[in-house]
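# An overview of the molecular structure
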Protein chains: 2
Amino acid sequence: MTATSLDALQRLLPEGMVVTDPDVTDSYARDRTFCAPGTALGVVLARSREDVVTTLRWASEHRVPVVPRGAGTGLAGGATAVEGGVVLSLHKMTAIRELSPADEIAVVEPGVITADLDRAAREHGLMYAPDPSSYEISTIGGNLATNAGGLRCVKYGVTRDSTLGLEVVLADGRVLETGRRTVKGVTGYDLTGLFVGSEGTLGVITAATVRLRRAPLVPPATVAAEFPTLVSAAEAVAAVIAAGCQPSLLELLDRATLKAIDDWRNIGLDPDTAAMLIAQSDASDGQAAAERMAALFEEKGASFVAVSSTPEEAEELIGVRRLAYQAKERLGACLVEDVCVPRSRLPEMIAAVEATAARHEVPIFTVAHAGDGNLHPVFVFEHGLAEPPPHVWAAADEVFRAALDLGGTLTGEHGVGLLKRRWLDLETSPVARELQHGIKQVFDPLGIMNPGKAI
Amino acid sequence: MTATSLDALQRLLPEGMVVTDPDVTDSYARDRTFCAPGTALGVVLARSREDVVTTLRWASEHRVPVVPRGAGTGLAGGATAVEGGVVLSLHKMTAIRELSPADEIAVVEPGVITADLDRAAREHGLMYAPDPSSYEISTIGGNLATNAGGLRCVKYGVTRDSTLGLEVVLADGRVLETGRRTVKGVTGYDLTGLFVGSEGTLGVITAATVRLRRAPLVPPATVAAEFPTLVSAAEAVAAVIAAGCQPSLLELLDRATLKAIDDWRNIGLDPDTAAMLIAQSDASDGQAAAERMAALFEEKGASFVAVSSTPEEAEELIGVRRLAYQAKERLGACLVEDVCVPRSRLPEMIAAVEATAARHEVPIFTVAHAGDGNLHPVFVFEHGLAEPPPHVWAAADEVFRAALDLGGTLTGEHGVGLLKRRWLDLETSPVARELQHGIKQVFDPLGIMNPGKAI
């Protein structure tokens, strides 16, 4: 790769589409993690599938690494720039090519902001279910790359569960269509499922056919409760699931998170509270479901239970959850983690996190999508450091190992990226690794697609 | 491959596990299609993962094709014996290794009958959702191989949506674990999804970790209605979905099917009826949902609407659906097909089937999982023929092409097997085919796993 060959790409693409000004390219070098980026030769601001084809043909010819990128909100370093490569930003491909209320599908380009798709669907009484916490700022393309989850996925599933088909540009510039427009179909291997969660290492998604669902007919009803012990909160989670309440959201905030929120906003927290649960139901009989969940929370020992009776009250109760991340950001730089365990192991996992925090003297604040067993322990350290100091990594290492020991996984919804590759061997067997690298070789024989990430 | 090498396998496995008696092996040579089998050297009746490992190591060493087989209820020839190969039957691996109500998962061996798993789950207030019509006689392994659907999948999704992880023996005898025990997880490529629906061409599944769901708390409420036109029935389907009624079953029977049932059992059919819809709701407010669906059916022009008010009445209304297949079998040999179209194209698809039936003078009877746009046109021809005569294939060809023209797929839930390979190129692009064969090569470089099937 030489400056001359980048010139060639600049000539092939519309003027101004390849940016080399370091002030600009630097802002495309990182996502929201602490992974040190390489120096990219340039950033391509693609506007169409053809721009992607042109870029990948050129990259194949010149053996240039390509890092696909959405909005850069990732939390695992999947979009970190690679030395001597180009960043291929898809954030300007924002067309909703089609939205069919009759078939409950949409065909969208990767740069569409997730919440924008959801809003477009709601104009037709539909919704796009996956709602990662970043969904007002992250793109569908990024969500597909990481198989993003979210709060609603306890009821509606993750991004893969809403993806029917893809248009992908392969490393050599060929265009592949996967999947279908129908809700069912079993012709051939599931290439769609393979691309979802592959973090840009197999090709560049330039459009997705996604499934929409009926939007709830009434605003959700919310219930919040404080628990004196982790075990009682976990039992309440299990009871809610076992009773078939089908919450559309079931979140847990640990003691450290609640204290951080209370210190900041004075929510009148009982100092004996070990955990708070916040649940919603968006069913047509949601108010009854919320009341049923409240009764179960009380039965399991909640010290304080509140049920919303208006949409405003529902918003107020969920408000505490929305403060969680900001309350931590005030205290320092945040390493946001993402382990997932079988739901029954939730109290053990939180206890392990608390023990690790004490042992390493690292403040760790945990919010969990409790209904899925998916925890986000946030490790807080001194602002201004280029990356987490060794004792934070040591604590994170313990947390990852504890999750795996409990039958869990390193990452529920953020992806492996660059950040977690060094723990990958703890979860993935040599046989599985060999097969994954074999698949990678089939799709990207030159190894130019987001090298060093995910697998 | 020689008789000597089969002797070697017989010595490696417990006595009696390798069967070569042609009277027995013949009964393992076919599934429920008309695909002509090759002559297998023998049938292995595996009882454990170790038996599978032994068989595949031996098969790799001697380059012997292996056809994995469940209960042989497949409808696409996926389990058809291959000349000079062995059939590896998994139907004796019937252990439910684990059933965890707390985590709502089960770990099951491939020979477990699907309905048996569902019954085991119901003892704990849970259910196994996928319910192909064969579920009293088909196995989990076969369901996984074809990514089976069923009636309930309009609400609960297909087999893949209930599969969290797999234990697989690869072609060379190595054991691979895929996926996880958690409901979410994004570590590495989705090998689990790749195996589901791969029809035994990538390896042999020896256990699956499946997701269970809460069983409904009340018996389902059923509504049945007769419609004077296909379009009015299709509009009623759309209205039910658009109103958010969330049926747990939404079936359509066409005019030919209804007439066959009426001729046989005299159900008092109005001769002007073009289609019948049968819907169920298993929600906690299911009776209200059924009443709502009934009102929508009436609004869309149904000539006769009945809603169950007791479980017995619900069974009676669904009974007509259960008669559909037998009513056709009386009339001749049946080629059961499985196209799927976007839901909005359902009336056009049924009209295309009717036109084909008239043009080729082939009786075609269609039952559809209408909520999914998945149709099963059944082509009836003379009993006793070894395979469908040319005019039946010509009619089937037209139906497949019509489904693809309407944005649909060749197979919603039965698989490609041997039967539909000759139409595969109409749906799958050369690029996709090349990638699928590349993946096959990674998992099975010697090409011994169920050769000639699926891709």
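Procedures and definitions
- Residues numbered from 1 in each chain as written.
- Chains lettered and ligands numbered in written order.
- Predicted model: local features only at pLDDT ≥ 70, side-chain atom pairs only at ≥ 80, totals over all residues.
- Heavy atoms only, no water.
- UniProt positions renumbered as here; feature names shortened; annotations may be inferred.
- Helix = DSSP H or I, 4+ residues; strand = E, 2+ residues; numbered from the N terminus.
- Rg over C-alpha atoms; globule rule 2.2 N^0.38 Å.
- Buried < 20%, exposed > 50% of the residue type's maximum accessible area, 1.4 Å probe, protein only.
- Contact = heavy atoms within 4.5 Å.
- Lys, Arg positive; Asp, Glu negative; His and termini not counted.
- Charge placed at Lys NZ, Arg CZ, Asp CG, Glu CD.
- Buried area = accessible area lost by both parts, 1.4 Å probe.
- Salt bridge = Lys/Arg side-chain N within 4 Å of Asp/Glu carboxyl O.
- Polar contact = N/O pair within 3.5 Å; in protein donor to acceptor, adjacent residues only side chain to side chain.
- Nonpolar A, V, L, I, M, F, W, Y, C, P; charged D, E, K, R; others polar.
- Pairing = 2+ DSSP bridges.
- Axes fitted to C-alpha atoms, helices over the stretch in contact; angles between N-to-C directions.
- Phe/Tyr/Trp six-rings, centres within 6.5 Å; stacked < 30°, edge-to-face > 60°.
- Lys NZ or Arg CZ within 6 Å of the ring centre and 35° of its normal.
- Parallel < 35°, antiparallel > 145°, perpendicular 65-115°, else oblique.
- Domains from an automatic or database assignment.
- Left-handed = near helix turned anticlockwise from the far one by under 90°.

As annotated in an unreviewed UniProt entry, chain A carries the name FAD-linked oxidase and is attributed to Sinosporangium siamense. The record held by UniProt for chain A lists under Cofactor (unreviewed entry) the comment "FAD". Under the UniProt heading Sequence similarities (unreviewed entry), the entry covering chain A gives this text: "Belongs to the FAD-binding oxidoreductase/transferase type 4 family."

This part is about the overall build of chain A. Summing up its helical and strand segments, chain A has 15 helices and 18 strands in all. The C-alpha atoms of chain A give 22 Å as radius of gyration, which agrees with the globular expectation for 455 residues (23 Å, within 12%). Counting only C-alpha atoms and orienting by the principal axes, one finds that chain A spans roughly 70 × 55 × 40 Å. Residue burial in chain A is summarised as follows: out of 455 residues, 62% are buried. In chain A, once contacts between residues fewer than 6 apart in sequence are set aside, the share between residues at least 24 apart is 72%. For chain A, the separation between the mean place of its 41 positive charges and that of its 59 negative charges on side chains is 4 Å.

Right, let's talk about the interface of chain B and chain A for a bit. Opposite the 71 residues of chain B that make contact, chain A presents 71 residues. Summing both partners gives a buried area of about 5,700 Å² for chain B against chain A, and 59% of it is carried by carbon and sulfur. When the buried surface of chain B facing chain A is broken down by residue, Lys184(B), Val186(B) and Tyr189(B) rank first, second and third, together holding 17% of it. Between chain B and chain A we count 10 salt bridges in total. Among the salt bridges present, the one from Glu104(B) reaches Arg343(A), with a minimum N-O distance of 3.6 Å. Joining chain B to chain A, the criterion identifies 30 residue pairs in polar contact (both at pLDDT 80 or more). Secondary structure elements with two or more residues in the side of chain B that touches chain A: strand 9 (175-179), helix 7 (191-195), helix 8 (230-242), helix 14 (424-427) and helix 15 (430-443) of chain B. Among the elements that take part in the side of chain B that touches chain A, helix 15 of chain B stands out by supplying 10 residues, more than any other. The residue makeup of the side of chain B that touches chain A, split by class, is 29 nonpolar, 26 polar and 16 charged.

To continue, consider unusual backbone geometry. For residues besides glycine, phi is generally negative; the peptide bonds are generally trans as well. Residue and element names in this part refer to chain B. Of note in this structure, Asn 147 is not a glycine but carries a positive phi near 50 degrees. Within the secondary structure, Asn 147 is located in the loop between helix 5 (140-146) and helix 6 (153-156). Under the relative-accessibility criterion, Asn 147 is labelled buried at 3%. One non-glycine residue with positive phi stands out, namely Asn 450, at about 40 degrees.

On to the sheet that holds strand 2 (residues 42-45) of chain B. All names here are of chain B. If you trace the 4 strands from one edge of the open sheet to the other, you get 1-2-4-3, paired in mixed fashion. Both edges of this open sheet fall to strand 1 (18-19) and strand 3 (66-69), since each of them pairs with a single strand only. On the sheet, helix 3 (residues 49-62) packs against strand 2, strand 3 and strand 4 (86-89) and is oriented at approximately 160 degrees with respect to strand 4.

A separate point is the packing of aromatic side chains. Counted by the stated rule, this structure contains 10 aromatic pairs over all chains. Plain terms: the ring middles of Phe195(B) and Phe443(B) are 5.4 Å apart, the flat faces sit at 90 degrees to each other, and that makes the pair edge-to-face. Linking Phe195(B) in helix 7 with Phe443(B) in helix 15, this pair joins segments that are 248 residues apart in sequence. Across this residue pair, the class does not change: Phe195(B) and Phe443(B) are buried. Every member of this aromatic cluster is reached through a ring pair, and the members are Trp393(A), Phe400(A) and Trp423(A). One cation-aromatic arrangement involves Arg265(B) over Trp264(B); the distance from NZ or CZ to the ring centre is 4.3 Å.

The next point concerns the sheet that holds strand 10 (residues 204-211) of chain A. Residue and element names in this part refer to chain A. Strand order in this open sheet of 5 strands is 5-6-10-8-9, and the pairing throughout is antiparallel. Two strands in the sheet have a free side with no partner beyond their single neighbour: strand 5 (96-100) and strand 9 (175-179). Between one strand and the next, the sheet's axes are offset by a mean angle of 10 degrees, whatever the strand orientation. Here strand 5 runs beside strand 6 (residues 105-108); their pairing, made up of 4 bridges, is antiparallel. Residue pairing in the sheet places Ile 96 in a bridge with Val 108 of strand 6. Here helix 3 (residues 49-62) sits on the sheet and contacts strand 8 (163-169), strand 9 and strand 10; the angle it forms with strand 8, its principal contact strand, is near 50 degrees. Packed on one face of the sheet, helix 4 (residues 114-122) meets strand 5, strand 6 and strand 10 and runs near 35 degrees to strand 5.

The periodicity of an α-helix, 3.6 residues per turn, causes residues three or four positions apart to be oriented the same way. Residues and elements named next belong to chain A. Restricting attention to buried positions, one finds in helix 9 (residues 255-265) the residues Thr 257, Leu 258, Ala 260, Ile 261 and Asp 262. Where the residues of helix 9 are buried, they touch strand 13 (249-254), strand 14 (275-281), helix 11 (311-329) and strand 17 (364-369). In the segment just after helix 9, Asn 266 is the residue with positive phi, at about 50 degrees.

Turning to the packing of helix 9 (residues 255-265) of chain B against helix 11 (residues 311-329) of chain B, a few remarks are in order. Residue and element names in this part refer to chain B. Where helix 9 contacts helix 11, the two axes come as close as 9 Å, and the packing angle between them is 85 degrees. Taken together, the axis directions place helix 9 and helix 11 in an arrangement best described as roughly perpendicular. Here Thr 257, Ala 260, Ile 261, Trp 264 and Arg 265 of helix 9 come into contact with helix 11, specifically with Val 320, Leu 323, Ala 324, Gln 326, Ala 327 and Lys 328. Each residue belonging to the contact of helix 9 with helix 11 can be placed in one class, and the counts come to 7 nonpolar, 2 polar and 2 charged.

Residues and elements named next belong to chain B. Of note, His 369 is situated in strand 18 (residues 364-369). Assessed through its relative accessible area of 2%, His 369 is described here as buried. At 3.3 Å, the side chain of His 369 forms a polar contact with the side chain of His 376. A polar atom in the side chain of His 369 sits 3.1 Å from the side chain of Glu 413.

Glancing now at the domain arrangement of chain A. Accessible area lost when the parts come together is the quantity often used to give the size of an interface. Residue and element names in this part refer to chain A. The assigned domain composition of chain A is domain 1 (3-89), domain 2 (96-214), domain 3 (218-326) and domain 4 (331-450). At the interface, 16 residues of domain 3 touch 16 residues of domain 4. Note on domain 3 versus domain 4: buried area summed over both sides is about 1,400 Å², and carbon and sulfur give 67% of it. Of all residues in domain 3, the largest losses of buried area upon contact with domain 4 belong to Leu 230, Leu 252 and Tyr 325, amounting jointly to 34% of the total for that side. The interface formed by domain 3 and domain 4 holds 0 salt bridges in total. Taken together, the links from domain 3 to domain 4 amount to 6 residue pairs in polar contact (both at pLDDT 80 or more). A class-by-class count of the residues in the side of domain 3 that touches domain 4 yields 12 nonpolar, 1 polar and 3 charged.

Right, let's get into the UniProt feature "domain: FAD-binding PCMH-type" (unreviewed entry) in chain A. The positions that UniProt labels "domain: FAD-binding PCMH-type" (unreviewed entry) are, in the present scheme, residues 36-215 of chain A. When the span residues 36-215 of chain A is considered, its composition is 22% helix and 25% strand, and the gap between its end C-alpha atoms is 41 Å.

A word on the packing of helix 8 of chain B against helix 12 (residues 346-360) of chain B. All names here are of chain B. Packing of helix 8 against helix 12 leaves a shortest axis separation of 9 Å and a crossing angle of 150 degrees. With respect to each other, helix 8 and helix 12 are oriented roughly antiparallel. Handedness of the crossing formed by helix 8 with helix 12: right-handed. For the pair helix 8 and helix 12, the contacting residues are Leu 230, Val 231 and Ala 234 in the first and Pro 347, Ile 350, Ala 351 and Glu 354 in the second. Looking at side-chain class alone, the contact of helix 8 with helix 12 contains 6 nonpolar, no polar and 1 charged residues.

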